[in-house]
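Residue strings, one per chain:
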Amino acid sequence: MATETATETARIPRINDTAPDFTAETTQGTIHFHDWIGNGWAVLFSHPKDFTPVCTTELGYMAGLQPEFTKRNTKIIGLSVDPVTSHGKWAADIEETQGHKVNYPMIGDTELKIATAYDMLPEGAGTTSDGRTAADNATVRSVFVIGPDKKVKAMLTYPMTTGRNFDEVLRLLDSCQLTAKHTVATPVNWKQGDDVIIPPAVSNEQAAVKYPNGWKTLKPYLRVVAQPK
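Residues numbered from 1 in each chain as written. Predicted model: local features only at pLDDT ≥ 70, side-chain atom pairs only at ≥ 80, totals over all residues. Heavy atoms only, no water.

**Topic: the packing of aromatic side chains**
Inference 1: Within the structure shown, the criterion is met by seven aromatic pairs.
Inference 2: An angle of 65° between the planes, with centres 5.4 Å apart, marks the rings of Phe-45 and Phe-166 as edge-to-face. Here Phe-45, found in strand β4 (residues 41-47), pairs with Phe-166, found in helix α5 (residues 166-181); they are 121 residues apart in sequence, far enough to count as distant.
Inference 3: Note on Phe-45: relative accessible area 0%, which makes it buried. (Phe/Tyr/Trp six-rings, centres within 6.5 Å; stacked < 30°, edge-to-face > 60°. Helix = DSSP H or I, 4+ residues; strand = E, 2+ residues; numbered from the N terminus. Buried < 20%, exposed > 50% of the residue type's maximum accessible area, 1.4 Å probe, protein only.)

**A few points about the sheet that holds strand β9 (residues 196-198)**
Inference 1: On the basis of which strands lie adjacent, the open sheet formed by three strands has the order β9-β11-β10 and antiparallel pairing. The sheet is open, and its two borders are formed by β9 and β10 (216-219), each paired with just one other strand. Ignoring strand direction, the axes of neighbouring strands in this sheet form an average angle of 40°.
Inference 2: Note that β9 and strand β11 (residues 222-225) share three bridges and pair antiparallel. Residue pairing in the sheet places Ile-198 in a bridge with Arg-223 of β11. (Pairing = 2+ DSSP bridges. Axes fitted to C-alpha atoms, helices over the stretch in contact; angles between N-to-C directions.)

**A short note on the nonpolar core**
Inference 1: Phe-22, Phe-33, Leu-44, Ile-107 and Tyr-118 are the most contacted members of the largest nonpolar core, which totals 25 residues.
Inference 2: In this structure, Ile-94, Val-143, Leu-170 and Cys-176 belong to the second largest nonpolar core, which totals 24 residues. (Core = buried A, V, L, I, M, F, W, Y, C linked by side-chain atoms within 4.5 Å.)

**A short note on the pattern of salt bridges**
Inference 1: Taken as a whole, this structure holds ten salt bridges when the rule is applied.
Inference 2: With its nearest N and O atoms 3.0 Å apart, the salt bridge here joins Arg-72 to Glu-68.
Inference 3: According to the relative accessible area criterion, Arg-72 is buried, its value standing at 18%.
Inference 4: Note that Glu-111 is salt-bridged to Lys-113, the shortest N-O span being 3.6 Å.
Inference 5: Connected through shared salt-bridge partners, Glu-68, Lys-71, Arg-72 and Asp-174 make up one network. (Salt bridge = Lys/Arg side-chain N within 4 Å of Asp/Glu carboxyl O.)

**Description of the pairing of strand β8 (residues 152-157)**
Inference 1: Where strand β7 (residues 142-146) and β8 come together, five bridges link them in antiparallel fashion. The partner of Phe-144 across the bridge, within β8, is Met-155.

**Focus on α5**
Inference 1: Between its terminal C-alpha atoms α5 stretches 23 Å, which fits the 22 Å expected from 16 residues at 1.5 Å a residue.
Inference 2: Within α5, the full set of buried residues consists of Phe-166, Val-169, Leu-170, Leu-172, Leu-173, Asp-174, Ser-175, Cys-176, Gln-177 and Leu-178.
Inference 3: Capping the start of α5, Asn-165 holds a side-chain oxygen 3.1 Å from the backbone nitrogen of Asp-167, two or three residues further along. (Expected span 1.5 Å × (residues − 1). Polar contact = N/O pair within 3.5 Å; in protein donor to acceptor, adjacent residues only side chain to side chain.)

**Quick word on the pairing of β7**
Inference 1: When you tally the buried positions in β7, you get five out of five residues, the bulk of the element.
Inference 2: Neither face of β7 is open: one carries Ser-142, Phe-144 and Ile-146, the other Val-143 and Val-145, and all of them are buried.
Inference 3: In this structure, β4 lies alongside β7, joined through four bridges in antiparallel fashion. Residue Ala-42 lies in a different strand from β7, and its bridge partner there is Ile-146.
Inference 4: Linking β7 to β8, which pair antiparallel, is a turn of five residues; within it Lys-150 sits at a positive phi near 70°.

Laid out in structure tokens, this is it:
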């Protein structure tokens, strides 16, 4: 069971919106989402139903990646509309088939309140997960990257038939954290240690102070510099 602590407009939170807060039962007890995030980052990723094949592989892979998120001061939390008791049984299957134990909390959203608050389901979806199939909940397949300020920094949504690339979520998190700390942008396919871009809003005079070793100007609007430490 999950209950909202604030009334939210039923629409997908946009980047830089405050992530809807909620109180919910999880496999690790009751949480108050914003309090649970604390002063770090969080990744909330949702699933349409327990015991579904693609999601089983995803939850297992995220369990294996959890130490990498921890290194980045980031908590991960899963959501499925099914009850917490069902999550516990599913977790055993995940560990057996994927080789990783799920040590992060999994939210039970049986009243569909969180899925609705994040606009992963329409308001008319009802108030119970009973009798709903995975196809009914097909749109509950989103990833939200949330910063310490509790604002949405990035989001991804996939169809049920396509497993999510959680290595990409980790790369995306690295970019979000770097660009939150330094006034830079990351180019296509950027990885940790690659060169970054000086945004147009930073003048050459300001850039000279920030980057005394210089940068490469490909176009006046495209200046490349080594990643800040």
